[in-house]
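Chain and residue survey
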Amino acid sequence: MPSTIHARVVLEGRRPDPGAGVGADVTCVRALLDDIFAMHNATFQIAFGGVDVSGLLADWRNNGLQSRHVPMWVEMLRKAAFEAENLGEASVELRDMDDPEAAPGVIPVFCAILDHLAGCCGLDGAVILVFPEDE
Amino acid sequence: MKALPLKDWPDFLLDWAEPNRTIMAQSPQRRELSIFGELPAADGKLSQFFVGRARDEFGTVVHLKPAQDPPVLGLGLLQDATRKTKEEEILRQWNRWWAKIAVRSGYLSPAVDPVAFARLNELRQCDSRVDFIVDTNVVIGGVGHWLVRCFGDLCDLVRTVVTDLEIQRFGDNAKWSPSKIAELDTRANYLAASRFLEYLQAQHPVWRRLDIEEETALFVASASRGGGKEPGADTLLLRAVRRSLQDQVPGLVRLFVTSDQKLARAASHDLPPGSTIAAYVNPISEQGTYLCSVHWWPQKGRDCGAAFVSSLADFTYEATCLCDAVRLVKADGSFLRVSSYLAGRNQFPVDWREPNVWVEVGNQGPIAPQVVGPVAESAVQSQPESSSGRIVIAPKTPTTESRAWPFDLESPLVSSPKRCIARVSAPTLLDVLSAIMLASRESLSISERVFPESPSTARELKFFLRVVDALDGTSHPGPSAVALQAMFANDDTDSLSRLLTKASEYHELISELSSRRSSTIDKLNIPKRSAGALAGLARLLGQAVLDGGELVYGGAYVSRDDFVQWFMGTVQADPKGPLGGTLLADISRKALLELSVSPTRLEKALRAAMEGSPLAELEFLAGGTPEHVLEEEVAVLNSKGWTRRKVSADGLLGYRSVRRR
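Residues numbered from 1 in each chain as written. Chains lettered and ligands numbered in written order. Predicted model: local features only at pLDDT ≥ 70, side-chain atom pairs only at ≥ 80, totals over all residues. Heavy atoms only, no water.

Concerning the overall build of chain B
Tallying secondary structure elements over chain B gives 21 helices and 27 strands in all. For chain B, with 661 residues in total, the buried portion stands at 57%. Relative to all contacts within chain B whose residues are 6 or more apart in sequence, the contacts with residues 24 or more apart total 72%. Accessible surface computed for chain B: about 27,700 Å², of which carbon and sulfur atoms make up 50%. (Helix = DSSP H or I, 4+ residues; strand = E, 2+ residues; numbered from the N terminus. Buried < 20%, exposed > 50% of the residue type's maximum accessible area, 1.4 Å probe, protein only. Contact = heavy atoms within 4.5 Å. Areas by Shrake-Rupley, 256 points an atom, 1.4 Å probe, with all protein chains shown as cover.)

Quick look at the side chain of Q543 of chain B
All names here are of chain B. Here Q543 lies in the loop between α18 (528-540) and β21 (544-547). Of the polar contacts made by the side chain of Q543, one reaches the side chain of D494; its length is 2.9 Å. Leave out the neighbours within four places in its chain, and Q543 touches T493, D494, S497, Y506, I510, A538, V552, Y553, G554, G555 and R601. (Polar contact = N/O pair within 3.5 Å; in protein donor to acceptor, adjacent residues only side chain to side chain.)

Looking at the pairing of strand β15 (residues 334-339) of chain B
Strand residues, when the strand is regular, have side chains that alternate between the two faces of the sheet. Residues and elements named next belong to chain B. For β15, the tally of buried residues reaches six of six residues, placing the bulk of the element in the interior. Neither face of β15 is exposed, since S334, L336 and V338 on one face and F335, R337 and S339 on the opposite face are all buried. With four bridges connecting them, strand β14 (residues 325-329) and β15 associate as antiparallel partners. Bridge pairing in β15 links R327 to R337. The loop that links β14 with its antiparallel partner β15 comprises four residues; one of these, G333, has a positive phi angle of about 95 degrees. Direction of pairing for β15 relative to strand β16 (residues 356-363): antiparallel, over a ladder of six bridges. When the sheet's bridge partners are listed, S339 is paired in β16 with W358. (Pairing = 2+ DSSP bridges.)

Notes on the nonpolar core
All names here are of chain B. Of all hydrophobic cores here, the largest spans 83 residues; its most connected members are W9, W98, F132 and F151. When neighbours within four sequence positions are excluded, W98 is seen to be in contact with F49, V51, L64, P66, I284, F315, A319, L322 and C323. Counting 53 residues, the second-largest nonpolar core is a separate cluster that includes L430, F464, L524 and I526. (Core = buried A, V, L, I, M, F, W, Y, C linked by side-chain atoms within 4.5 Å.)

Structural notes on the sheet that holds strand β23 (residues 582-583) of chain B
Residues and elements named next belong to chain B. Strand order in this open sheet of three strands is β23-β27-β24, and the pairing throughout is antiparallel. In this open sheet, the two strands that pair with only one neighbour each are β23 and β24 (618-621). Judged from the two bridges that link them, β23 and strand β27 (residues 657-660) form a sheet pairing that is antiparallel. Bridge assignment links T582 to a residue of β27, and that residue is V658.

As for the pattern of salt bridges
Residue and element names in this part refer to chain B. A full pass over the atoms with the stated rule returns 29 salt bridges over all chains. With a shortest N-O distance of 3.8 Å, K604 and D491 are connected by a salt bridge. Here K604 is found in helix α21 (residues 599-609), whereas its partner D491 is found in the loop between α15 (481-489) and α16 (493-500), with 113 residues between them in sequence. Across the pair, D491 and K604 agree in class, each one buried. A salt bridge links R644 to E633; its shortest N-O distance comes to 3.0 Å. Residue R644 is located in strand β26 (residues 641-648), and its partner E633 is located in strand β25 (residues 631-638); the two are separated by eleven residues in the primary sequence. Salt bridges sharing partners connect three or more residues here, namely E38, R327, R337 and E360. (Salt bridge = Lys/Arg side-chain N within 4 Å of Asp/Glu carboxyl O.)

Side note on the confidence of the model for chain A
Put simply, chain A has an average pLDDT of 67, and 48% of its residues get 70 or more. Low pLDDT, under 50, characterises residues 1-7 of chain A; the stretch is placed with 19 contacts to residues that sit more than four places away or in other chains. (pLDDT = per-residue confidence, 0-100.)

Brief notes about the environment of N137 of chain B
Residues and elements named next belong to chain B. Position of N137 among the secondary structure elements: in helix α4 (residues 136-141). Judged by its relative accessible area of 31%, N137 falls in the partly exposed class. Separated by 143 residues in sequence, N137 and Y280 have C-alpha atoms that sit 9.1 Å apart. Apart from the residues lying within four places of it in its own chain, the contact partners of N137 are S259 and D260.

Considerations on helix α1 (residues 9-17) of chain B
All of the buried residues in α1 of chain B are W9, F12, L13, L14, W16 and A17 of chain B. Each element contacted by the buried residues of α1 of chain B is listed here: β1 (2-5), β2 (33-40), α11 (312-319), β14, β15 and β16 of chain B.

Description of the environment of L39 of chain B
Residue and element names in this part refer to chain B. By the element assignment, L39 lies in strand β2. The sequence separation of L39 and F49 amounts to ten residues, and the corresponding C-alpha distance is 8.0 Å. Residue contacts for L39: discarding those within four places in its chain leaves K45, L46, S47, F49, V72, W94, L184, R187, L322, C323 and D324.

What about the packing of aromatic side chains?
All names here are of chain B. Within this structure, the stated rule accounts for 14 aromatic pairs over all chains. Between W98 and F315, the ring centres sit 6.4 Å apart and the planes meet at 25 degrees, which makes this aromatic pair stacked. Here W98 is found in helix α2 (residues 83-104), whereas its partner F315 is found in helix α11, with 217 residues between them in sequence. Judged by its relative accessible area of 1%, F315 falls in the buried class. Ring plane angle 65 degrees and centroid distance 6.1 Å describe the contact between W176 and Y190, whose orientation is recorded as edge-to-face. A residue pair is termed long-range when its members are at least 10 positions apart, and W176 in the loop between α6 (161-173) and α7 (181-198) and Y190 in helix α7 qualify at 14 residues. Take W176: its relative accessible area is 29%, and that puts it in the partly exposed class. Lying over the aromatic face of F151, R124 brings its terminal NZ or CZ to 5.8 Å of the ring centre. A cation over an aromatic ring shows up here: R327 above the ring of F335, its NZ or CZ 4.1 Å from the ring centre. (Phe/Tyr/Trp six-rings, centres within 6.5 Å; stacked < 30°, edge-to-face > 60°. Lys NZ or Arg CZ within 6 Å of the ring centre and 35° of its normal.)

What follows is the structure, encoded as structure tokens:
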């Protein structure tokens, strides 16, 4: 179990691109999601039931999350967010720039980023999780 | 009734939900609101139906799960052989409307192919200036809203006369008190399209017209036809778009955006490659969906992205395109009713360019989630005449009197059953009973089309119906048909089950179950031929539950006082759940085993006992971890017929646990 992950997480979307070869980056959203998994460990457990979250993250990091699986992930996370007492405080970078006081919480923002990346990557793409030291 | 400028509406909603609110510095607190819509029923009166729940007043997460049987859909009136297909079509249209509302309000993104999506991303990241030439579906379905939300500072919108003509036609054909889905669709199309043309929240985009040289042909064709799009309109539209794309100047990108699959296909070979964006709004699932208010889009100079936040206020306003009014209800029953027009009041151009919403604040007492059906007669008051000249009835705050106790049958059995070994399918039986109930109301005979096509199956079903006196010797409603009206109107499945015990085999099943409490189906003294179907009927009517392969009796009588005493004792005895509460999943199982009350009947009992009894002192909580639970599909009767719904012992009335305050 990931008791604490203090990391600046970079999410990238990749999709097969005939011109540039498989795995070309088509978009790169640098979202600063400090502590998200640690802060919402309980929420993640609710969303994923008996799944070992650390194993899931390791797999995600190594193999990427297939973009066609993202909608299911996101639906589970949103359901968990609906029932969670606390959604976490989104960092300033993740807020609506026009109305920074409207803090929507970390999980909704995270879901939005995942959704966006999956949309960019198409059915055969993947959303991968990169830690800054990998860059 | 208070008029509010639309720009003030979000703050009003937040103040109503939490008067002592401070500027948020952290995650919004969970404070669930139920969302109900109001639409006219067949008799013209407004009927309230469940739309979904919001996690908090900001609408951070919304569980959108619109009722699948509001009266305006007229599902109960479909009786012919094509009923299933029609029903699916209507529900698809209904669920697509809710997806459109979600897209318009920023809770859902349209489905866009990845190549087009990547192209839009690139344009956004390099801050290109863009003209979106849109078709009518884009204006209505929310794709236009989505584009403006993401490209608001860069784009202009272009429409053609084809769109203008279509919108005018929606307006001409719109009925302001719709009585069926087609009328509702036309009205909503007109309102949704007009609102997008009149009022954009983003300041930058302007609307421009793309002239079609052959416009006269469209007007001539329009004058000679009653409705629908003019022949060749799409061809002329694409021709004009092609010319416009050829004319684009350096530094400006023009794209044609459509939500119409056929038009997108035609555009793919009529227009230059890469200039068509096909963005579809697909219906939400019948099981509902969870939606977040945040959307993400790349933006130059902002660390490659930005969050766009929508709100419950936006969702509510957009929902008034479809509904006459929308109600937001707190757990204590206080509500905020919102509509976008006031019956009897003239509207002027300023009302459309700077819209108002009309709000009413009240208290309707604690609510039961997913209550579907007409607003009670006593709970309505007349309003001034609407613009269409009809009297519009708006709900008044209902009284908070205790609900009637749902159990009044001391015995679930009639005393003298008649011999009947007919095998009947439970859903077909309820379909035909609905038709009999409706026919008896209008003094009509029963159409042969309501019976199964197979002659032998139809014969068995008619035999069963004659045994229980629902059908007379011919094709007319029998002596029990009048009682059926009350049973359906009151969702009284106990009485219906008792009526059906006039048939000997069903009588035997209920009798044996009530004495043994539980049994496997094959051990019951019933012919195997009909045992499964009759057990299914008992389950559908909430008289039994299948648990671990055993049929457990759930139709026992319990008095209100006994129930309240038992419930309070159970909550007190087992406060080991989350936060010192008791899980309703555990209470449901105890109710089934100790009281022989099935989860659906327990739900009815809870709803009736929550007011004016010691249960009012308990706190019912919605959150918590899902438990392994009993789940049964049960019939819900209403004055138009019946529907099914799943009752989970883990989520009775939307609650998951209960504790002392």
